[in-house]
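Spelled out from the first residue to the last, the chains are:
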Amino acid sequence: MTQTKTKKLLIYFTFVSPAVLLFALIIMLPFARAIIFSFQDWDGISTDIKWVGWSNYTTIFHDSAYLKSFWFTLKYVAVSTLLVNLIGFALAIVLNMKLKTKNVLRTVYFMPHVIGTLIIGFIWQFIISQVFPQIAEWTGWHIFGVNWLSYPSYAFWALILVNVWYSAGYFMVIYIAALQGISTELLEAAQIDGVNRWQRMWHIVLPLVRNAITICLFLAITSGFKVFDLNLALTKGGPFGSTESLALHIYQDAFANNNYTLASTKAIIFFIVLGAITLIQVFAMKRKEVEM
Amino acid sequence: MKKLISGVTVIALSAGLLAGCGKENSESSASSTAGNQGSSDKKITLKLLQGKPEIADKTKQMLADYQSEHPNVTIEPEITPDVQTRLKTLFAAGEAPDIFFVKGYTDMGLWRDRLVDLTDEAWMSQALPTTLPGMTFDGKKYGFPISIEGYGFVYNKDLFAKAGIDKVPTTLTELKQANEKLKAAGITSYSEAYKEWWTLGQHLLNLPFAYAPDPAGYAKQLNDGTAKIKDNPFMNGFFDVLDMTVKYGSGVESLGVSYDTEIANFATGKVAMIQQGVWALQPILKVNPDVNMGMFAIPLTDNASDTKIPISVPNYYAINKESKNVDEAKKFLDWVHKNGQKYLVDSFQFVPAFADMQATDQLGPLAADMNEYVKNDQIIPFAFFLWPAPGIQTQFVKPLQAYVGEQLKKEQAIDDIQKIWSGAVKK
């Protein structure tokens with residue numbers, strides 16, 4: 001009995017250890033280092049690292065640029081999470097119907113997600129600065145006549161637009177899988193009972209895909225908070241720092257401003273906030289999930 | 001059967017792990033023994049980290065030639081557009097390169113603890129005087145200047161002729177007149193890439209600091225607070241030029257113009273001028289090889305004799321003090337200097353930073369115009385190398401962009417720049 005138990009344990013460790021080892025090396029060690037950095041003062045270059053206690057933590061609460069980028073990131077996460085999920089879900093509903101072209105369309109909508117975000121940023125930068133004016137010329141629509149990357153509010157929506165275009169297909173795939181998991185018997189039974197479309201959606205479909213919603217919200221929130229490469233490639237945080245995401249701000253602080261330790265402190269706070277928000281979200285949503 | 005499979009898996013996985021560790025061990029021990037012996041027939045590997053991805057192929061060619069002359073030496077180059085970030089990560093990982101790019105003044109000052117003193121190298125006596133202040137600390141010299149770069153307004157000669165401008169502007173008033181003439185001829189003057197931090201926050205903003213009679217002393221005064229940026233006499237001229245580039249250019253939308261767009265607009269003749277330097281030559285020619293262009297210094301006053309062109313060494317090669325092969329690295333730099341005409345000038349098309357190399361016509365019209373200013377000693381430095389943190393330009397650009405975007409008044413923008421400067425000094 002005990003022998004099989006130890007053997008099981010051995011096999012268990014064998015399979016888990018490579019992942020644990022990698023996780024420790026790539027995530028835990030740097031994370032621990034960042035915590036240490038957050039109590040130090042270092043420019044990232046010199047051989048002299050000083051201990052400064054909590055002073056980094058008090059400094060960042062007076063750092064208006066940091067708070068500004070926090071606010072921007074929150075706005076970005078709220079809007080993009082909402083839009084990405086709504087559009088992803090809508091696409092999933094449509095492409096779960098009996099359409100001849102549904103396989104082609106699913107592939108088409110998922111396609112953007114295969115391209116790297118940096119490349120996408122550069123492509124859209126070209127589209128926005130070169131193609132939009134052309135569209136404005138043909139249609140006369142003022143909204144395409146201005147350079148979106150020149151004004152803070154337009155630049156914000158440019159980021160949202162590109163992110164939705166990029167991610168909606170990914171969330172669509174998760175939602176399609178969830179929709180396909182709903183048994184047709186249930187839906188047919190409801191139909192026989194005389195349920196209209198809206199009631200069917202609200203009372204049967206939505207509760208049954210709730211675990212997919214939990215996952216999708218989680219993914220959208222975390223990826224929204226961590227947005228970096230798209231931000232860098234499309235707006236570079238501009239104009240005048242109005243679209244600087246937290247990740248980009250921290251990177252700039254560490255590598256451009258030589259504030260290595262202050263940036264580590266900011267990253268730690270960022271981690272705590274992001275961790276808290278996602279944990280609350282997942283716990284709150286989990287309680288409402290329906291088990292079949 | 002199951003037992004066998006799991007057994008095999010265990011062995012395979014643990015072997016994989018061990019192999020991973022083992023390889024690294026053997027490698028590092030090999031390199032350390034090579035370093036200890038240091039004799040010339042031992043295999044030696046030098047790691048080189050540099051920027052300028054546009055000359056990556058030509059650099060690799062140079063290294064290949066060096067290696068065929070020195071069969072015992074292998075040079076592993078890494079060429080990245082962002083040397084500063086990469087360098088910090090490499091040092092943090094304990095894999096510091098032996099030779100790497102360092103920028104002059106403040107950057108060199110930050111790195112000097114880690115650099116080999118190159119004062120007594122043979123080539124140092126040939127380095128042009130303008131290359132020295134950026135790499136000299138306490139009388140010791142730490143860098144091998146790669147080239148000289150300069151910038152101003154790059155202009156389209158045909159469009160200038162079309163608008164009836166017969167001589168390049170040398171004062172603020174003349175610049176304004178030129179812009180009016182271009183406007184009258186229906187030609188847009190500028191397409192400034194104010195989306196990029198370096199065009200606005202580094203090169204243009206450099207001017208009022210570089211035009212100060214003693215830029216290094218002025219930077220020191222700003223650092224200890226005895227001078228304020230708002231009292232800079234060239235600040236008004238700077239904002240006049242900035243206003244012109246916006247008014248006779250793309251207006252507020254300059255903020256959405258990237259370097260690529262700027263180059264494309266200039267190369268296709270849509271605009272008459274861009275604020276760029278000698279490095280823009282190849283990108284412009286790539287879009288349109290027939291542009292008839294030149295470059296002139298940007299005036300900030302109405303006194304023509306004030307007008308000078310900013311010149312500096314964009315990058316120095318420096319040697320890592322902790323390198324196991326310092327002597328080999330020195331030999332390499334010596335070789336690069338001896339063959340500098342062939343590689344640095346003829347192949348890379350750099351304007352030479354050494355007295356014993358000759359600038360050739362091949363370097364193109366921008367370098368030729370720049371060299372006229374150098375010959376007449378009408379030069380000012382890249383004063384942004386003196387700013388208190390090497391990346392501070394990325395902060396300075398924000399208030400300036402906000403000014404272009406009509407979010408801040410001139411005084412507020414200057415005030416913000418002062419705050420960023422003082423904040424960087426305090427740390």
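Residue positions within a chain follow its written sequence, with the count starting from 1. To read the labels, note that chains go from A and ligands from 1, taken in the order they are written. Only residues with pLDDT of at least 70 are given local features in this predicted model, and only at 80 or more are side-chain atom pairs given and counted; all residues enter the totals for whole chains, interfaces and linings.

Description of the overall build of chain A
Just so we agree on the cut-off: For helices the rule is a DSSP run of H or I covering at least 4 residues; for strands it is a run of E covering at least 2, with both sets numbered from the N terminus onward. Three exposure classes are used, all based on how many other C-beta atoms lie within 10 Å of a residue's own C-beta (placed from the backbone): buried at 20 or more, exposed at 12 or fewer, and partly exposed between those limits. With C-beta atoms placed from the backbone, a contact is any residue pair whose C-beta atoms sit within 7 Å.
Looking only at helices and strands, one finds 13 helices and 2 strands in chain A. The C-alpha extent of chain A, read off along each of the three principal axes, is 80 × 75 × 30 Å. Split into buried and exposed, the 292 residues of chain A put 32% on the buried side. For chain A, long-range pairs separated by at least 24 residues make up 73% of all intrachain contacts whose partners lie at least 6 apart in sequence.

A short note on the overall build of chain B
For chain B, the helix and strand inventory stands at 16 helices and 13 strands. A buried classification covers 45% of the 427 residues belonging to chain B. A separation of at least 24 residues holds for 78% of the contacts in chain B among residues at least 6 apart in sequence.

Observations concerning the interface of chain A and chain B
The cut-off we apply is this: Under the convention adopted here, Pro, Cys and the residues Ala, Val, Leu, Ile, Met, Phe, Trp and Tyr are nonpolar, Asp, Glu, Lys and Arg are charged, and Gly plus all remaining residues are polar.
Counting residues at the interface gives 25 residues for chain A, matched by 29 residues for chain B. Listed by contribution, the elements that provide at least two residues to the side of chain A that touches chain B are α1 (2–37), α5 (117–139) and α12 (246–256) of chain A. The residue makeup of the side of chain A that touches chain B, split by class, is 10 nonpolar, 13 polar and 2 charged.

Some remarks on the packing of α5 of chain A against helix α7 (residues 152–180) of chain A
Residues and elements named next belong to chain A. This is how the line gets drawn: For helices, the axis comes from a line fit to the C-alpha atoms of the stretch in contact; other axes are also lines fit to C-alpha atoms, and the angle between any two N-to-C directions lies between 0 and 180 degrees. For classification purposes, angles smaller than 35 degrees are called roughly parallel, those larger than 145 roughly antiparallel, those between 65 and 115 roughly perpendicular, and all remaining angles oblique. A crossing counts as left-handed when the near helix is turned anticlockwise from the far one by less than a right angle, and as right-handed when that turn is clockwise.
Viewed as axis vectors pointing N to C, α5 and α7 meet at an angle of 125 degrees, and their least axial separation amounts to 11 Å. Considering the angle they form, α5 stands oblique to α7. Along this stretch, α5 crosses α7, giving a crossing that reads as right-handed. Contacts between α5 and α7 involve Thr 117, Ile 120, Trp 124 and Ile 128 from the former and Ala 158, Val 162 and Tyr 166 from the latter. Taken together, the residues that form the contact of α5 with α7 break down as 6 nonpolar, 1 polar and no charged.

Details of the sheet that holds strand β12 (residues 316–319) of chain B
Residue and element names in this part refer to chain B. Our working rule: In this scheme, strands are said to pair when DSSP sees at least two bridges between them.
Spatial ordering of the open sheet is given by β2-β1-β3-β12-β6, a layout of 5 strands whose pairing is mixed. Every interior strand has two partners, whereas the edge strands, β2 (73–79) and β6 (144–145), have only one. Looking at chain direction, strand β1 (residues 44–50) and strand β3 (residues 99–102) are connected through 2 bridges and run parallel. Bridge pairing in β3 places Leu 48 opposite Ile 99. The sheet strands contacting helix α3 (residues 83–92) are β1 and β3, and the helix crosses β1 at an angle near 140 degrees.

Here's the deal with the pairing of β2 of chain B
All names here are of chain B. Test applied: Here a crossover is taken to be right-handed if, once the strands point away from the viewer, the path from the first strand over the helix to the second is traced clockwise.
As paired strands, β1 and β2 are joined by 7 bridges and run parallel to one another. Its bridge partner being in β2, Gln 50 is matched across the sheet by Ile 79. Handedness of the crossover joining β1 and β2 through helix α2 (residues 56–69) is recorded here as right-handed.

A short note on the packing of α7 of chain A against helix α10 (residues 210–225) of chain A
All names here are of chain A. One can describe the packing of α7 onto α10 by two numbers: an axis separation of 9 Å at closest approach and a directional angle of 165 degrees. Here α7 is positioned roughly antiparallel relative to α10, judged by the angle of their axes. In terms of crossing hand, the pair formed by α7 and α10 is right-handed. Taking contact as the criterion, the partners of Phe 171, Ile 174, Tyr 175 and Ala 178 in α7 are, on α10, Ala 212, Ile 215 and Cys 216.

Section: the domain arrangement of chain B
Accessible area lost during the coming together of the parts is what is often quoted as the interface size. All names here are of chain B. For the record, the criterion: Delimitation of the domains relies on an automatic or database domain assignment.
One can read the domain layout of chain B as domain 1 (41–148 + 313–356) and domain 2 (149–311 + 373–426). For domain 1 and domain 2, the distance between their C-alpha centroids amounts to 30 Å. Counting residues at the interface gives 14 residues for domain 1, matched by 12 residues for domain 2. It is helix α4 (residues 106–111) that provides the largest number of residues to the side of domain 1 that touches domain 2, a total of 3 residues. Here the residues of the side of domain 1 that touches domain 2 are counted per class, giving 5 nonpolar, 6 polar and 3 charged.

Details of helix α10 (residues 259–267) of chain B
Looking only at α10 of chain B, the buried set comprises Glu 262, Ile 263, Asn 265, Phe 266 and Ala 267 of chain B. At its buried positions, α10 of chain B is contacted by β7 (149–156), β9 (271–277) and α11 (281–287) of chain B.

Looking at the environment of Leu 219 of chain A
Looking at the secondary structure, you find Leu 219 of chain A in helix α10. When the C-alpha positions of Leu 219 of chain A and Ile 192 of chain A are compared, they lie 37 Å apart, and in sequence the two are 27 residues distant.

Quick notes on the environment of Val 77 of chain A
All names here are of chain A. Within the element layout of this structure, Val 77 appears in helix α3 (residues 64–95). Owing to 22 C-beta atoms within 10 Å, Val 77 belongs among the buried residues under this scheme. Distance from Val 77 to Ile 160, taken between C-alpha atoms, is 9.3 Å for residues 83 residues apart in sequence. Other than its neighbours up to four places away in sequence, Val 77 contacts Ile 221, Gly 224 and Phe 225.

Examining unusual backbone geometry
Positive phi, normally seen in glycine, also occurs at Lys 236 of chain A, with a value near 55 degrees. One non-glycine residue, Asp 377 of chain B, lies in the positive phi region at around 60 degrees. Relative to the elements of secondary structure, Asp 377 of chain B occurs in the loop between α14 (364–375) and β13 (379–380). The exposed category is assigned to Asp 377 of chain B, around which 8 C-beta atoms lie within 10 Å.

Some remarks on the environment of Lys 167 of chain B
Along the chain, Lys 167 of chain B turns up in the loop between α5 (157–162) and α6 (172–184). Residues Lys 167 of chain B and Lys 419 of chain B lie 252 residues apart in sequence; the distance between their C-alpha atoms is 40 Å.

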